[in-house]
Amino acid sequence: MATRRKSSHADRVLVLAPRGLDGRLTCDFLMAAGISAEVCASLQRLLNDISDGEVGAVVVAEEAVPHPLLKSFSEILAAQPQWSDIPVLLFTGRAGTPAIDRLFGTLRGNVTILERPVRSSTVITAVRSALRVRARQYELRDLLKRMEESDRRKDEFLAMLGHELRNPLAAIHNALHVMQHSQSPELTKRQPVIIERQSRHLARLVDDLLDVSRVTMGKITLARQWVDLCDVANRCAQALESDAQAQRHTLEVDSPGCPIIVEGDLVRIEQILSNLVTNAIKYTGPGGHIVIRVRREGEEAVMTVKDDGIGLAPDMQVRVFELFTQVQQSLDRSRGGLGLGLSLVKSLVERHDGTISAFSEGEGKGSEFTVRLPMAAAYASVPVPPPDAVQTEREPLRILLIEDNPDARETMQAMLELWGHSVTAACDGFEGLEKALGDKPPVLLVDIGLPKIDGYEVARQVRAASDGYTPLLIAMTGYGQPEDKQRALDAGFDTHLVKPVQPADLSRLLSEKRERNADAGRKPADLSG
């Protein structure tokens, strides 16, 4: 006799026969065919099992269903969730009799009548068919659960999004009010720091939202090049040092004296590490210690971010990479975040053919995130350029800034002049084109969404000039999709910067322009007039 086993899985067949021997024999030949089967001693036990656990199908002999309990059996079947319709195989002595018709009519649902005598092969085929139907029902149940969970998390996400956008906007608004009305120089001096920090936070939120959308739709394209992870770690630590200091954290970089080179997208790898460090800063209490470590293990380059913060529960060490998932859920939302960063990081790491994992000894014991990327072949022979420094050249460039937003135009002009450049501004496409073709500045910073004529048309007409005028054309826009960048290049721009433009990126472009002019034999005086 085959050994029977009790199962709580969806493939379990419950057998109810008038005599225990009949039930055991039925289970034996079902299990011999590879079907999990279990005898029920009574109809009440069958009803309890249907109510309490997962059931694949029910095999019932007509004689085992006494009329007093028939109503209960029907009620149990009728009370199933919308996704469920348990297959019932009913053995009868003779189909079509009034008694059987009444029984069949009472048991509304997925009931199949098998008239005895019936071949064992027919029973096995019928049971397998019922289990296939039931398996699809459980798939539907699981899908509905996932959809419900997804809807719940999306609702939470929308609530978080409103919170996360309003907080930095409130801080910026308050800082501006203080700057306008405070008589304290010390207090006024602190407000631009707050505005800059909150503006960066807003930019990160927008970038994460757009990047998650692009990754989900498969629109992320990697611009691969040689990338030194040690250089990335140092730049990331410098960029986030002020955020760490605001929480009194110690931010440390532990890297070897030699380059650790991978082939990847520099911007995306910096984004991976920046998100991990930002999370560590966010989820570590004041005065914490955060370490960025870079090393080589065999053919892999390894980056780890370790903190002594709030840690991770065991179940969160995998779920933390799921979309909209957060380590802490609380009404005060003091740590912020949208639950997008780690999901985005995982997607970007996988696009680089790498892996990411999380480890924690438990809640309150800190966390360690490890990114593994394949080493670049022959990396040791590739020279690694030093980090780009902020623009400090003494000889100014003449720059034409074409921007219709007054605040954006004023602040960008002020930043460029702070670097020592000579800046002329225009507020629409016609004015900008006229000044470009008239004054011929060596650098044009052009917004795309301009009145009268847009930035694309400005670039096309500048490039169409037949007098040898070839300025550096830099597009500035809020549109950051790959097709937007390609459209800018097609119009004649040399490069495409997404707003808010990072000062280091713009500084690097201007520095490269100055050096190209110098290499071409032009004197510094030529750049200024």
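On a predicted model such as this, the values are computed, not experimentally measured, just so you know. (Residues numbered from 1 in each chain as written. Predicted model: local features only at pLDDT ≥ 70, side-chain atom pairs only at ≥ 80, totals over all residues. Heavy atoms only, no water.)

Topic: the overall build of the chain
Thought 1: When its secondary structure is counted, the chain shows 16 helices and 17 strands.
Thought 2: Within the span of the chain, comprising 529 residues, buried residues form 44% of the whole.
Thought 3: When the accessible area of the chain is evaluated, it comes to approximately 27500 Å², of which 52% is carbon and sulfur surface. (Helix = DSSP H or I, 4+ residues; strand = E, 2+ residues; numbered from the N terminus. Buried < 20%, exposed > 50% of the residue type's maximum accessible area, 1.4 Å probe, protein only. Areas by Shrake-Rupley, 256 points an atom, 1.4 Å probe, with all protein chains shown as cover.)

As for a nonpolar patch on the surface
Thought 1: Where nonpolar side chains cluster on the molecular surface, the patch consists of Leu140, Leu143, Leu144 and Met147 and spans about 320 Å² of accessible area.
Thought 2: Mapped onto the secondary structure, Leu143 falls in helix 5 (residues 120–181).
Thought 3: Note on Leu143: relative accessible area 37%, which makes it partly exposed. (Patch = residues over 30% accessible without salt bridge, like charges linked within 9 Å, V, L, I, M, F, W, Y side chains within 5 Å. Salt bridge = Lys/Arg side-chain N within 4 Å of Asp/Glu carboxyl O.)

Side note on the packing of aromatic side chains
Thought 1: For the coordinates displayed, the defined rule picks out one aromatic pair.
Thought 2: Seen from the ring of Tyr469, Lys440 lies directly overhead, with NZ or CZ sitting 5.8 Å from the centre. (Phe/Tyr/Trp six-rings, centres within 6.5 Å; stacked < 30°, edge-to-face > 60°. Lys NZ or Arg CZ within 6 Å of the ring centre and 35° of its normal.)

A look at the packing of helix 13 (residues 455–464) against helix 14 (residues 482–491)
Thought 1: Closest axis-to-axis distance for the helix 13/helix 14 pair is 8 Å, and the angle between their directions is 30°. As the angle between them shows, helix 13 and helix 14 are arranged roughly parallel. Two secondary-structure elements touch here, helix 13 through Tyr456, Ala459 and Arg460 and helix 14 through Asp484, Arg487, Ala488 and Ala491. (Axes fitted to C-alpha atoms, helices over the stretch in contact; angles between N-to-C directions. Parallel < 35°, antiparallel > 145°, perpendicular 65-115°, else oblique. Contact = heavy atoms within 4.5 Å.)

Quick look at the confidence of the model for the chain
Thought 1: Predicted confidence across the chain gives a mean pLDDT of 80, with 80% of residues reaching 70 or more.
Thought 2: Below pLDDT 50 for its whole length, residues 329–336 participates in 17 contacts with residues either more than four positions away or in separate chains.
Thought 3: Low pLDDT, under 50, characterises residues 380–394; the stretch is placed with 22 contacts to residues that sit more than four places away or in other chains. (pLDDT = per-residue confidence, 0-100.)

Thoughts on the packing of helix 12 (residues 429–439) against helix 13
Thought 1: Following both chains from N to C, one finds helix 12 and helix 13 inclined at 20°, their axes separated by 10 Å at the closest point. Relative to helix 13, helix 12 is oriented roughly parallel. Every pair of crossing elements has a handedness; the one defined by helix 12 and helix 13 is right-handed. Contacts between helix 12 and helix 13 involve Gly429, Leu433, Ala436 and Leu437 on the former and, on the latter, Val458, Gln461 and Val462.
Thought 2: Split into classes, the residues belonging to the contact of helix 12 with helix 13 amount to five nonpolar, two polar and no charged. (Left-handed = near helix turned anticlockwise from the far one by under 90°. Nonpolar A, V, L, I, M, F, W, Y, C, P; charged D, E, K, R; others polar.)

Digging into the environment of Phe430
Thought 1: Looking at the element boundaries, Phe430 is found in helix 12.
Thought 2: For Phe430, a relative accessible area of 48% puts it in the partly exposed group.
Thought 3: Spatially, the C-alpha atoms of Phe430 and Ile402 are 9.8 Å apart, while their sequence positions differ by 28 residues.
Thought 4: Beyond its immediate chain neighbours, meaning those up to four positions away, Phe430 contacts Lys452 and Ile453.

Quick look at the sheet that holds strand 17 (residues 495–498)
Sheets are built from strands paired through backbone hydrogen bonds, the pairs being either parallel or antiparallel.
Thought 1: If you walk across this open sheet you meet the five strands as 14-13-15-16-17, and the pairing is parallel. Either end of the sheet is taken by a strand with one partner, and the two such strands are strand 14 (422–426) and strand 17. Between one strand and the next, the sheet's axes are offset by a mean angle of 20°, whatever the strand orientation.
Thought 2: Pairing between strand 15 (residues 443–447) and strand 16 (residues 472–477): five bridges, direction parallel. (Pairing = 2+ DSSP bridges.)

Description of the sheet that holds strand 12 (residues 367–374)
Thought 1: An order of 7-9-10-12-11 is seen for the five strands of this open sheet, with the pairing classed as mixed. The sheet is open, and its two edges are formed by strand 7 (250–254) and strand 11 (355–359), each paired on a single side. With direction set aside, neighbouring strand axes in the sheet form an average angle of 15°.
Thought 2: Bridge analysis of strand 9 (residues 289–297) against strand 10 (residues 300–307) gives eight bridges, and the strand direction is antiparallel. Bridge pairing in strand 10 links Arg296 to Ala301.
Thought 3: Lying over the sheet, helix 7 (residues 229–246) contacts strand 7, strand 9 and strand 10, oriented at roughly 175° with respect to strand 7.
Thought 4: Packed on one face of the sheet, helix 8 (residues 266–282) meets strand 7, strand 9, strand 10, strand 11 and strand 12 and runs near 20° to strand 10.

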